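Remarks on the overall topology
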Number of protein chains: 2
Amino acid sequence: MRYVYAFEEGNGSDRRRLGGKGAGLAEMSRIGLPVPPGFTITTEACIAYQKLKRMPDGLMEEVWDHLRRLEAKLDRRLGDSAKPLLVSVRSGAPISMPGMMDTVLNLGLNRETVEGLAALTQNRRFALDSYRRFIQMFANVVMHMEHRRFEEILEQVKSAAGVTLDTELKDTDLAVVIEQYQALVQESTGRNFPEDPQEQLEMAIQAVFDSWNNPRAQVYRRVNKIADDLGTAVNVQSMVFGNMGDTSATGVLFTRNPNTGDPGIYGEYLTNAQGEDVVAGIRTPKDIQAMASEMPKTYEALVHVANLLETHYRDMQDIEFTVEQEKLYVLQTRAGKRTARAAVRIAVDLVRSGVISEKEAILRQDPEQVQRLLYRQIDPQADYELLAKGLPASPGAASGRVVFNADEAEARGKAGEAVILVRPETTPDDIHGIVAAQGVLTSRGGMTSHAAIVARGMGKPAVTGCEAVKISLEGQWFMVGDRTIAKDTLITLDGGTGQVMLGEVPTVEPELSLEFTELLTWADRYQKLRVLANADTPEDAAKARQFGAVGVGLCRTEHMFMGQDRLPVVQEMILAERLDERDRALAKLLPMQEEDFYGILKAMDGYPVTIRLLDPPLHEFLPDIEETQRALEEARARGDVTQAEHEEMVLRRTRALFEFNPMLGFRGVRLGIVYPEIYAMQARAIFQAQARLLAEGLHPDVQVMIPLVGIPAELARMKAMVAEVNQRVAEERGRALPYKLGTMIEVPRAALVAQEIARDAEFFSFGTNDLTQTTFGYSRDDAEAKFLPVYLAEKLLPDNPFVVLDRQGVGRLIRLAVEEGRAANPWLKVGICGEHGGDPASIAFCHEIGMDYVSCSPYRVPVARLAAAQAALRE
Amino acid sequence: MRYVYAFEEGNGSDRRRLGGKGAGLAEMSRIGLPVPPGFTITTEACIAYQKLKRMPDGLMEEVWDHLRRLEAKLDRRLGDSAKPLLVSVRSGAPISMPGMMDTVLNLGLNRETVEGLAALTQNRRFALDSYRRFIQMFANVVMHMEHRRFEEILEQVKSAAGVTLDTELKDTDLAVVIEQYQALVQESTGRNFPEDPQEQLEMAIQAVFDSWNNPRAQVYRRVNKIADDLGTAVNVQSMVFGNMGDTSATGVLFTRNPNTGDPGIYGEYLTNAQGEDVVAGIRTPKDIQAMASEMPKTYEALVHVANLLETHYRDMQDIEFTVEQEKLYVLQTRAGKRTARAAVRIAVDLVRSGVISEKEAILRQDPEQVQRLLYRQIDPQADYELLAKGLPASPGAASGRVVFNADEAEARGKAGEAVILVRPETTPDDIHGIVAAQGVLTSRGGMTSHAAIVARGMGKPAVTGCEAVKISLEGQWFMVGDRTIAKDTLITLDGGTGQVMLGEVPTVEPELSLEFTELLTWADRYQKLRVLANADTPEDAAKARQFGAVGVGLCRTEHMFMGQDRLPVVQEMILAERLDERDRALAKLLPMQEEDFYGILKAMDGYPVTIRLLDPPLHEFLPDIEETQRALEEARARGDVTQAEHEEMVLRRTRALFEFNPMLGFRGVRLGIVYPEIYAMQARAIFQAQARLLAEGLHPDVQVMIPLVGIPAELARMKAMVAEVNQRVAEERGRALPYKLGTMIEVPRAALVAQEIARDAEFFSFGTNDLTQTTFGYSRDDAEAKFLPVYLAEKLLPDNPFVVLDRQGVGRLIRLAVEEGRAANPWLKVGICGEHGGDPASIAFCHEIGMDYVSCSPYRVPVARLAAAQAALRE
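The model shown is predicted, which means the values in this text are computed figures rather than measured ones.

What follows concerns the sheet that holds strand S1 (residues 4-6) of chain A. Residue and element names in this part refer to chain A. Pairing is antiparallel in the open sheet, where five strands are placed in the order S1-S2-S5-S3-S4. One side of each edge strand has no neighbouring strand; the edge strands of this open sheet are S1 and strand S4 (103-107). Neighbouring strand axes in the sheet, compared pairwise and without regard to direction, differ in orientation by 20° on average. When strand S3 (residues 87-92) meets strand S5 (residues 233-238), the two strands line up antiparallel, connected through six bridges. Paired with Val89 across the two strands is Val236, which belongs to S5. Contacting S1, strand S2 (38-41), S3 and S5, helix H1 (residues 15-30) runs over the sheet at an angle of about 25° to S5.

Written out as structure tokens, the structure reads:
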């Protein structure tokens, strides 16, 4: 068995044996890049070492053999006092374990070679400093001595010399440090610091092998599920020096701008310096472009290397380099970290220049990162004062003045002022204030609270459940800790992180760049899932179209009911105690709903619009019981008998509609069964809007969706009712009004009897929010406020099931419903319209089980398009 | 094909061709009973008639042939003026369709034969009346004339005669009636009323055939899913007369007492009367025993017939008979209706006398009817004034004086007075009042409200959600409609029907008779399911043992927390904001819980006791928010700073624990995960109680049950925690404390991942109440108050899924969990502990899918034992 490979001998794809770093060095050497020569000791040597508890036979012979070849190549020799060879000894495991294992630099220095280095570099101070560092590092890594004791010596010498910085020490001071270091080693270990560079090398190799099993590496492997028997390779590489005068330098470059993705190398360097100096920040590095004039030849070589590496690795690279007396060395290359914006730009540019394929460009994107491109964001450069943190209820960033009531928010917002509406929680009565505000902050309520849903629907930032914020509505202030924030104070919300910041924090604009648009166009070619949007208004629908949605998968009619002009009529309808009263209120709502549907169908002309009939429990539209009680008492106090009677009636009806568990209550199709006149009005409004659009020559594609079905007969009955209304409107308008009718699958029973339900449905839309709630037996608001954080922290659940679809439980029900539904009705279309419709992992699941579409918030449509394409390409 | 069979020729089991009545007459004739002779025209004749739209060839020839044989046998002839034969013509379908089709009696009468009948019976009035009735019935059934027009004539004649009752008409009056009837027929139909008895017979047979397709018979068949092509048979039977003097009689008898089941014939008769007279109630019938002296020979014959029929049909019979001049005729026999008590007694007696087998005795019981034996019931003979009707929340009947608060109920109840606690709803604070009251009435709350659950647990009657009752706690009265019921008024509740009655209505004691006990002992031999009970207290456990439960399948620890002495400590524990405070409160609860478990394990010694760790959300134990707010304001007004601070703390904590959907909130194992110290205290209390009992030489069988698991890791973690506590207590007490640990399956996800959960569970107990709620997405309280009544009324659901287990949805999940759970763990025990555990149809399902046990309220244990045996026997 062979244990050692020179870099140029290694196989660049054999990470298993050479480790990641060794394979990279081999690869770079193989393609002719100027890599400081050296060799790699394989992971197999390490494994053998671990088994034998000693160096395996023949290993060191191979090392000496490669060392001699290295010396010959460089015309330097380990331990030579005139032309000393110095090497680094680094670990390099098959799977990257950054910082977990040990490294020794400048190996080969001793009392003699340090003088040779001084002569060679014409810098005695540098040579002594290197030696001092080597002793310290070697003693720590190989001889297991504490860093602290060496630092103490250094401090004492600095103090004696009257200086504060290491760099202020003169060579004579450093000589003292070295003496004392060596005495310390002698004293602590009972032996001299090894002078023999060969001994140093063998000890260093062994130390790297040992570091495979140091406690922090063991923990890292356990946490990251890396096998314990992989072992690490050891790379022995000749040292190069960027600090050998003005023709030497060291630096870092990206092959493209990592912030913007713009082409052209990007980076910085320091002349006459070593890597550590760049990190230490003692001198300000120069822009890499400066090198073009300062060292034109080297710059040219660098550009060449950058192009070579990028083309070779087919991705933007982050390269470490050193120039030693005009000679360029590449020390490391790896895929460069980049912003979402750059990631898109680079991928698209690489496709354009034929380096990668469209598919690769798509697969390289991280959908969650891409998502950030679509909201205003806090400028990453900005400093700010954090006030509090709540739930990240609706992404985006916004600044404005604190306002505590909706009417004021509306007035000032309409007048052009930026305001943030701050409320304990919001109700339908606050909608006009939310519309006019830049963002919403509530101290109560979860991710599905009224404020959260409404803000997400509007694409406005919201932070909810921010319990640290104690609001005094009377006082018109809120407190955070012992700090009082008065009305009109400027604050900034980041609804993507839940942060509340003081003052106006700079933000950056979202953008759908040309490259992003192009990437998404490619994505659309590979998707099997169509991406639709959840949109309740013509504006949402237009936004969804702009982001590439091919229809509306969920249009919630209840949000239309909450408009300020509608709410009183809706309340009149709900408070009606007789059918004729209710019919009268419904007649008033009909033209309003018709306008709603007209607008949204028009905005999505030619694409399907899936309209869900009324879903929430009716009491959601009614005023608060306590408020009504107060109003009643006031009316009584005033002696206003009529008003008091009205308030009494409202109170009675509100109490009658009270529910212990509204989530599991009188809502969805249950309303349609008990009050068919409400659904009939909505169906009529839809078909009347459709008739008008058809008359205008447009192409409305109407899909009527019945929510919360759990019993096949519920759907059958609603289907018949809708068909009857359709028939009547069609006769009145003298034209056929084709439509499709389907249902949401959002209670477990619906999935369990899907086969029967599918006989009356043209489509199934999985309402995964509710299906997750009922399958787990979780009320989302309560769970997220009470126990889910503990469950996530303690890993009882891998993810929040309201964010990432639970494949094992909820997913099993969905899979079953899709299979059995299609068995009963092969033409059944199947999709998802919960919040999971915008989550990449959940989209992958939808793809795997063969759904036809996903529907998500307009702002997540681009991500969903990308994720859908990725799921298809990964298959 | 042969169409007609004399009764004595027919095959008594051939209901398909002879119809039910024809087969019965054939059977009775065959075994030699004195049945008035006659013959049956088969259903095939009817089917042929329907196809041909005319009498099939040869049918009437067969009829005349049988008629001649009948005349010969009886020495009477149809149409003979001296010895006229009269017959009845009745329908008789293969499946009983009571009252749907037509019948003609006294056929054969005309102007001549009526005189023969008068002579024969020596009763001209009777003969004329029979003729009058025959004309009316024949004209209506065969000639389709309206009854009304005949009644008008009768009225006119009565009026002219100056009498009000039909029976007051003299024979001369009746002759006038007959004249006018015949004139009416002539006038309406343009033909004479048929004088020829053969023509009458043919027309009557045809009319019965036609009646198979009359509208009401068609509807009845559709509703009852009876095939339209069965056809009806026609029975032509000679008439006999119980009104031919003092040696004639008519009556009804049961072969045993239908109320008590006591042996010996039971019934009544009228001398010189016809069956109609018994029904009309003009004369008071005599007890059948009177016949022993009045007509000793006939009585003997009757007893003989009764024994013969009971033995033949192997069940208690309800027999109609007529005595014509000392000769006994049996007109009809059928299984007699009986009370639950009689049903049990009769079945057991029949087994004892070797007539039926134990299995048949078991299968003949209706479990729902048997259930009624176990609660005090309103005396069925009692008259009462109904005040209102609420939900039948806890069965049983009780009377007492109205009391509006728990303290008063306790004081007066303890003093021996019978009181009914009347509240808008009850809370844990009212428990001591419920304990001391005879029953509970609430105006709010459903079948699972606090009052309902607590009362059911105590086996006390409760009526909940009685919205008609408007309570004024200040005024100490309630109103129903415009009636005011003051405090101290006597009322009676029937918790089995939901009725609230004024005054003290007599009730009857429940009993577990010797026969019932014996029947249940037999049932236990055939069951495959074991029957356990849900019991929270030693008293419940003792009651359950008495009713034959072989263990406790569900012991809810939260009801123990609600005791008046516990609640303050429980609240202290919940209000604790720091772990040490909570630990201090838990330390106080520990000895109390230990006593609870000691008591219940002792009462069930040797049988498994399944103890469920704390399940309900903590806020259920806290005072009402509004009450606390009031207390806070009062404390402030008093200037009591300490109290105000305390109330503020309570308010803060109560608000923090508030939930939107408590059913889906922070409860069950979620409490155990977040506050493991609570479950640890309960586990310790259990094992300490176990150790004491073992030390006393008893045999506690401990089963620890973790509620609401949905994630396998939840159970794994709780299992480890319980094992640790067990280990510690075992070490402290120096003895092994063996136990089993399992979980409830009550959210859909638990069923979906049952395979994984089963690895850590020794038993599964399906909590079908919650599983039904989550599978349907129904909150029981809300659904039953809002939309379920509509769903049931409109047949969207066949049954209330909270009463009868939903096989299609919930049942599918259960089946899946049982199969996959057992696949992973073949030793897994599986049972059910929701309310369905006491429902016969649900028990049958549990049996079918191979569960090991059901657990139900102690009061339903006998029913469950019976239902379990029936399910096994029906297999």
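Once that is clear, we can look at the interface of chain B and chain A. Contacts between the two partners involve 47 residues from chain B, matched on the other side by 47 residues from chain A. A buried area of about 4700 Å², summed over both sides, lies between chain B and chain A, and 57% of it is on carbon and sulfur atoms. Connecting chain B to chain A are six salt bridges. Ionic pairing is found between Arg749 of chain A and Asp806 of chain B, a salt bridge with its closest N-O pair at 2.6 Å. Linking chain B to chain A there are 34 residue pairs in polar contact (both at pLDDT 80 or more). Elements supplying a minimum of two residues to the side of chain B that touches chain A: helix H25 (641-657), helix H26 (669-674), helix H28 (712-733), helix H29 (748-752), helix H31 (768-776), helix H32 (780-786), helix H33 (788-793) and helix H34 (807-824) of chain B. Broken down by element, the side of chain B that touches chain A gets its largest block of residues, six residues, from H34 of chain B. Classifying every residue of the side of chain B that touches chain A gives 26 nonpolar, eight polar and 13 charged.

A few words now on helix H7 (residues 171-189) of chain A. Residues and elements named next belong to chain A. The terminal C-alpha atoms of H7, which comprises 19 residues, lie 27 Å apart, in line with the 27 Å expected from a rise of 1.5 Å per residue. Every buried residue of H7 is accounted for by Asp173, Leu174, Val177, Ile178, Tyr181, Gln182, Leu184 and Val185. Those residues of H7 hidden inside the fold are in contact with helix H5 (124-141) and helix H6 (147-161). Residue Gly190 follows H7 closely and has a positive phi angle near 75°.

Moving on, we come to the pattern of salt bridges. Residues and elements named next belong to chain A. Applying the stated criterion across every chain, the model contains 145 salt bridges over all chains. Between Glu320 and Arg334 there is a salt bridge; the shortest N-O distance is 4.0 Å. In this pair, Glu320 is assigned in strand S9 (residues 317-324) and Arg334 in strand S10 (residues 327-335), connecting sequence segments 14 residues apart. The partly exposed category is assigned to Arg334, whose relative accessible area is 41%. Measuring nitrogen to oxygen at the nearest pair gives 3.5 Å for the salt bridge that ties Arg352 to Asp349. Here the residue Arg352 and the residue Asp349 both occupy positions in helix H13 (residues 340-352), the gap between them amounting to three residues, near one helical turn. Asp349 gets classed as buried once you look at its relative accessible area, which sits at 10%.

In this section: the packing of aromatic side chains. Following the criterion strictly, the structure yields 36 aromatic pairs over all chains and no others. Pairing Phe561 of chain B with Phe621 of chain B gives two aromatic rings, centres 5.8 Å apart and planes at 50°, and the pair type is tilted. With a gap of 60 residues between them, Phe561 of chain B in helix H21 (residues 558-561) and Phe621 of chain B in the loop between strand S26 (608-612) and helix H24 (625-638) connect regions that are remote in the sequence. Classification of Phe561 of chain B by relative accessible area gives buried; the value is 1%. Looking at Phe621 of chain B, the relative accessible area reads 1%, which means it is buried. Among the aromatic residues, those joined into a ring-pair cluster are Phe666 and Tyr675 of chain A together with Phe776, Tyr778, Phe787 and Tyr791 of chain B.

All names here are of chain B. If you walk across this open sheet you meet the three strands as S18-S19-S20, and the pairing is antiparallel. The sheet is open, and its two edges are formed by strand S18 (469-472) and strand S20 (483-486), each paired on a single side. Strand-to-strand twist of the sheet, defined as the mean angle between neighbouring strand axes without regard to direction, takes the value 25°. Judged from the four bridges that link them, strand S19 (residues 477-480) and S20 form a sheet pairing that is antiparallel. Within S20, the position partnered with Phe478 by the bridge is Ile485.

Conventions and cut-offs
- Residues numbered from 1 in each chain as written.
- Chains lettered and ligands numbered in written order.
- Predicted model: local features only at pLDDT ≥ 70, side-chain atom pairs only at ≥ 80, totals over all residues.
- Heavy atoms only, no water.
- Pairing = 2+ DSSP bridges.
- Helix = DSSP H or I, 4+ residues; strand = E, 2+ residues; numbered from the N terminus.
- Axes fitted to C-alpha atoms, helices over the stretch in contact; angles between N-to-C directions.
- Contact = heavy atoms within 4.5 Å.
- Buried area = accessible area lost by both parts, 1.4 Å probe.
- Salt bridge = Lys/Arg side-chain N within 4 Å of Asp/Glu carboxyl O.
- Polar contact = N/O pair within 3.5 Å; in protein donor to acceptor, adjacent residues only side chain to side chain.
- Nonpolar A, V, L, I, M, F, W, Y, C, P; charged D, E, K, R; others polar.
- Expected span 1.5 Å × (residues − 1).
- Buried < 20%, exposed > 50% of the residue type's maximum accessible area, 1.4 Å probe, protein only.
- Phe/Tyr/Trp six-rings, centres within 6.5 Å; stacked < 30°, edge-to-face > 60°.

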